[in-house]
Amino acid sequence: MKTKLSLAVSVALLSAGMLTGCSDDKEPTAAATQQETPKNNVAPMLQYIPADSPYFMATRESMPEQEAFDFYRRMQPQGSLESNLDELRRTLPEIGDDVQHSLVTLLIAMGEELDSVETLDDAHALGLKMGPQAALYGLGILPVLRFELHDEDAFRETLQRILTKADLNPSTATTNGTDYWVLTPEGPVNAILAIIDQQLLLSLVPQDASDELLAQVLGSTPPDSNIGDTSALAELEQRHGFTPYGAGQINASRLLSELSTPTHPGTQALMDAVEAEQLDLSACQADIDRITSRFPGLVMGMREYNLDGLEMNLILETDEGIVSDLRALTTQVPGLGSTEGMASLGMGLNLPVLLQTVQKYAREVRQNPFSCDELQDLNNAWTEINVAMNNPATMMIGSALSGLRARIDSLTMTDGEPTGTGILTIASQNPLGLLSTVSAFAPELGALGLEPGGETKKIKSMLLPPDMPTLYAAMSDTAIVLGAGLSDSDALQDELQAPASERDLLLHGHMTGEFYHSLADVMEQVPSDEVSASDIELFKQYAEIYENMEYGVRVDDAGVEMNFSLDLK
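The present account deals with the structure reproduced in this document. (Residues numbered from 1 in each chain as written. Predicted model: local features only at pLDDT ≥ 70, side-chain atom pairs only at ≥ 80, totals over all residues. Heavy atoms only, no water.)

1. Some details on the overall build of the protein
For the protein, the count of helices and strands is 22 helices and 19 strands. Residue burial in the protein is summarised as follows: out of 569 residues, 48% are buried. Within the protein, contacts between residues separated by at least 24 positions form 69% of all contacts whose residues are at least 6 apart in sequence. When the accessible surface of the protein is totalled, it reaches about 27600 Å², and 54% of it is carbon and sulfur. (Helix = DSSP H or I, 4+ residues; strand = E, 2+ residues; numbered from the N terminus. Buried < 20%, exposed > 50% of the residue type's maximum accessible area, 1.4 Å probe, protein only. Contact = heavy atoms within 4.5 Å. Areas by Shrake-Rupley, 256 points an atom, 1.4 Å probe, with all protein chains shown as cover.)

Structure, rendered in structure tokens:
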């Protein structure tokens with residue numbers, strides 16, 4: 001149900017405002033802040049995260065609440081929450097599954113509380129704090145989420161209203177003098193909630209969890225060593241240029257070790273509760289070490305978060321050898337990384353080098369296969385990938401293709417049909433060879449007489465629809481460019497000379513607010529059962545909120561980085 005997802009996003013946006021803060025352009029940079037922050041100012045919440053936790057995500061600093069709230073309000077389309085709630089209420093009687101019915105009822109109750117939030121004071125009245133200290137971490141593999149509240153008494157009242165509206169009656173329990181709620185019905189694992197010292201805590205614990213384990217979960221027994229003492233979070237931020245408003249990591253070696261040889265009672269208790277057997281990696285340890293040395297884990301964080309926009313980053317860490325091989329895959333594609341036009345999508349991937357790289361790693365696995373039974377699928381996967389990459393079609397096109405970039409300059413309705421203008425760039429080490437190959441499928445291109453550095457040619461074809469925008473083509477030593485509906489054919493020559501990004505991009509795309517506006521206009525004039533009036537209205541509001549949205553995959557010194565950024569109007 002699309003509405004449930006949309007409402008969940010609305011709830012998540014408020015959570016994002018609560019779990020992070022916004023920076024101020026007048027404040028020091030993240031790196032400077034890290035260097036200036038004395039150790040005794042470490043966020044108190046970090047004391048709950050074990051230094052050897054397999055995973056964590058936490059904020060080290062909190063920012064002004066008003067800025068965090070303003071960001072949430074700017075990101076929230078007007079009226080979207082109300083329309084989502086109305087639709088959920090209409091569909092609620094049709095839901096037969098009890099668990100799904102409870103989930104939707106809970107979403108409605110939460111949404112009704114959030115619908116009243118118009119000011120920061122309104123959020124405070126619910127007991128919520130914007131931009132608080134927050135942390136998600138593992139006690140072994142057992143997850144714990146906690147974040148700071150503005151007023152725990154007010155939040156207790158809010159929580160009770162939500163539970164009453166959702167017709168949920170959680171049981172209560174006490175351990176070592178601390179009360180908590182059990183949110184789930186009887187089962188081997190319980191979701192629990194507690195409000196302790198101005199913090200909301202959520203966790204999953206075995207139904208028969210010991211008082212000792214619950215004391216660690218609830219924080220009355222802190223770990224012997226925590227990431228605040230070790231400065232692990234600050235070092236992570238500095239290493240990757242993240243802000244101090246939310247960063248974390250998943251350590252592959254620690255996670256696998258914990259699953260095979262639990263060192264924390266939380267791991268063992270959870271595995272016993274679900275009757276999961278420990279991974280017997282004794283015969284696989286050499287294979288595991290081989291994998292984790294090449295892929296140490298995942299890191300995540302934000303390099304920008306303020307009222308002008310945000311940038312979120314996820315990095316798959318790899319060793320230097322893989323970084324070097326990945327860098328060799330990137331290639332220069334004219335215009336890749338640019339935000340010209342209303343939208344674009346491009347890929348810089350040297351296919352001949354990719355084929356060689358796949359063959360290299362497939363050969364390594366073939367010569368030194370993974371030995372334990374649990375990892376035999378990896379051996380088979382590399383064989384299958386190698387076979388797939390070496391098919392005739394890939395070999396034929398791959399020898400000359402090294403990247404693509406499609407750019408949309410306009411999108412309109414013409415005589416009841418959507419039409420647009422834009423440019424397609426095809427990068428190649430051998431554009432004449434590529435043209436020869438493509439001409440087998442499109443003879444009109446071969447007949448144009450394109451040549452590197454030559455003039456722009458108009459494409460004429462009986463196969464094109466009569467209302468098709470005029471098509472042009474041009475060629476350089478490194479690319480072929482096709483343009484549709486251009487008012488100036490010289491634009492193709494400019495595109496051939498467009499600079500490529502210097503960021504070792506594998507993939508890059510962008511969408512502007514103008515694109516969302518044009519898309520909404522087209523959707524409005526081309527009725528579809530899959531697109532509702534509220535969907536169209538949402539796109540129109542995105543057009544008013546977003547200046548530009550970018551996403552991409554690039555190679556950096558740490559590994560493969562996936563990033564997403566928003567510029568707000």
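2. Some remarks on the nonpolar core
Ranked by size, the top nonpolar core spans 34 residues in total, and within it Ile 49, Tyr 137, Leu 142, Ile 192, Val 217 and Leu 233 carry the most contacts. No other element matches helix 8 (residues 211-218), which puts four residues into this core. In this view, Ile 49 contacts Phe 56, Ala 58, Ala 135, Tyr 137, Pro 223, Ser 225, Asn 226 and Ile 227; residues no more than four positions away in its chain are not counted. Among the nonpolar cores identified, the runner-up in size contains 30 residues, and Leu 435, Leu 448, Ile 459 and Ile 480 belong to it. (Core = buried A, V, L, I, M, F, W, Y, C linked by side-chain atoms within 4.5 Å.)

3. A look at the side chain of His 124
As for its position among the elements, His 124 is in helix 6 (residues 120-125). By relative accessible area, His 124 is classed as buried at 16%. Of the polar contacts made by the side chain of His 124, one reaches the side chain of Glu 65; its length is 2.9 Å. Setting aside anything within four residues of it in sequence, one finds His 124 in contact with Glu 65, His 150 and Ala 154. (Polar contact = N/O pair within 3.5 Å; in protein donor to acceptor, adjacent residues only side chain to side chain.)

4. Things to note about the environment of Gly 348
Residue placement: Gly 348 occurs in strand 11 (residues 343-348). Considered as a pair, Gly 348 and Leu 505 are 157 residues apart in the sequence and their alpha carbons are 6.4 Å apart. When sequence neighbours within four positions are dropped, the list of residues in contact with Gly 348 reads Leu 329, Thr 330, Thr 331, Val 333, Leu 336, Ser 402, Gly 403, Leu 505 and Leu 506.

5. Here we look at the pairing of strand 19 (residues 559-568)
Across the 10 residues of strand 19, seven count as buried, placing the element largely inside the fold. For strand 10 (residues 309-317) and strand 19, the ladder comprises nine bridges, and the chain directions are antiparallel. Paired with Glu 311 across the bridge in strand 19 is Ser 565. Hairpin connection between strand 18 (residues 546-556) and strand 19: a loop of two residues separates the two successive antiparallel strands. (Pairing = 2+ DSSP bridges.)

6. Digging into unusual backbone geometry
Even without being glycine, Asn 176 reaches a positive phi, approximately 50°. Mapped onto the elements, Asn 176 comes out in the loop between strand 4 (171-175) and strand 5 (178-182). Look at Ser 231: it is not a glycine, yet its phi comes out positive at around 60°. Relative to the elements of secondary structure, Ser 231 occurs in the loop between helix 9 (227-230) and helix 10 (232-240). You can call Ser 231 partly exposed: its relative accessible area is 25%.

7. Describing the pairing of strand 17 (residues 505-512)
By the criterion of burial, strand 17 is predominantly enclosed, with six of the eight residues buried. Here strand 11 runs beside strand 17; their pairing, made up of five bridges, is antiparallel. Residue pairing for strand 17: Ser 344 is matched across the bridge by His 510. For strand 17 and strand 18, the ladder comprises seven bridges, and the chain directions are antiparallel.

8. What to know about the packing of helix 14 (residues 320-329) against helix 15 (residues 351-367)
Think of two packed helices as two axes; the pair is described by the angle between the axes and how far apart they sit. Between helix 14 and helix 15, whose axes approach to 9 Å, the crossing angle comes to 155°. It follows that helix 14 is roughly antiparallel to helix 15 by the angle criterion. With respect to the hand of their crossing, helix 14 and helix 15 are arranged in left-handed fashion. Along its contact with helix 14, which presents Gly 321, Ile 322, Asp 325, Ala 328 and Leu 329, the element helix 15 presents Val 353, Leu 354, Thr 357, Lys 360 and Tyr 361. (Axes fitted to C-alpha atoms, helices over the stretch in contact; angles between N-to-C directions. Parallel < 35°, antiparallel > 145°, perpendicular 65-115°, else oblique. Left-handed = near helix turned anticlockwise from the far one by under 90°.)

9. Focus on a nonpolar patch on the surface
Among the surface-exposed residues, Phe 295, Leu 314, Leu 316 and Met 562 lie close enough to one another that they form a single nonpolar patch of about 280 Å² accessible area. With respect to the secondary-structure elements, Leu 314 resides in strand 10. (Patch = residues over 30% accessible without salt bridge, like charges linked within 9 Å, V, L, I, M, F, W, Y side chains within 5 Å. Salt bridge = Lys/Arg side-chain N within 4 Å of Asp/Glu carboxyl O.)

10. Digging into the state of the cysteines
Enumeration over the complete set of coordinates arrives at one disulfide. In this model Cys 284 forms its disulfide with Cys 372; the gap between the sulfur atoms is 2.1 Å. The S-S bond linking Cys 284 to Cys 372 shows a torsion near 120°; that makes this disulfide right-handed. Of this pair, Cys 284 sits in the loop between helix 12 (265-273) and helix 13 (285-294) while Cys 372 is found in the loop between helix 15 and helix 16 (376-389), placing the two residues 88 residues apart along the sequence. For the pair Cys 284 and Cys 372, a shared accessibility class is recorded, and that class is buried. (Disulfide = S-S within 2.5 Å.)

11. As for the packing of aromatic side chains
The tally for this structure, following the rule as stated, stands at nine aromatic pairs. Arranged with centres 5.5 Å apart and planes meeting at 70°, the rings of Tyr 516 and Phe 539 form a pair that is edge-to-face. With Tyr 516 in helix 21 (residues 513-525) and Phe 539 in helix 22 (residues 533-545), this residue pair connects regions lying 23 residues apart in the sequence. The class for Tyr 516 is buried, based on a relative accessible area of 9%. Connected via pairs of aromatic rings, a cluster forms that spans Phe 515, Tyr 516, Phe 539, Tyr 542 and Tyr 546. In this structure, Arg 146 is placed above the aromatic ring of Tyr 48, and the distance from its NZ or CZ to the ring centre is 3.7 Å. (Phe/Tyr/Trp six-rings, centres within 6.5 Å; stacked < 30°, edge-to-face > 60°. Lys NZ or Arg CZ within 6 Å of the ring centre and 35° of its normal.)

12. Quick look at the pattern of salt bridges
For side chains bearing opposite charge, pairing can occur when the charged atoms are close. All told, the structure shown has 23 salt bridges when counted by the stated rule. Two residues, Arg 60 and Glu 237, come together in a salt bridge whose shortest N-O distance is 2.8 Å. A residue pair is termed long-range when its members are at least 10 positions apart, and Arg 60 in the loop between strand 1 (55-58) and helix 3 (65-75) and Glu 237 in helix 10 qualify at 177 residues. Each member of the pair Arg 60 and Glu 237 is classed as buried. Residues joined by salt bridges that share partners form a network here, namely Asp 86, Arg 89, Glu 112, Glu 113, Arg 161 and Lys 165.

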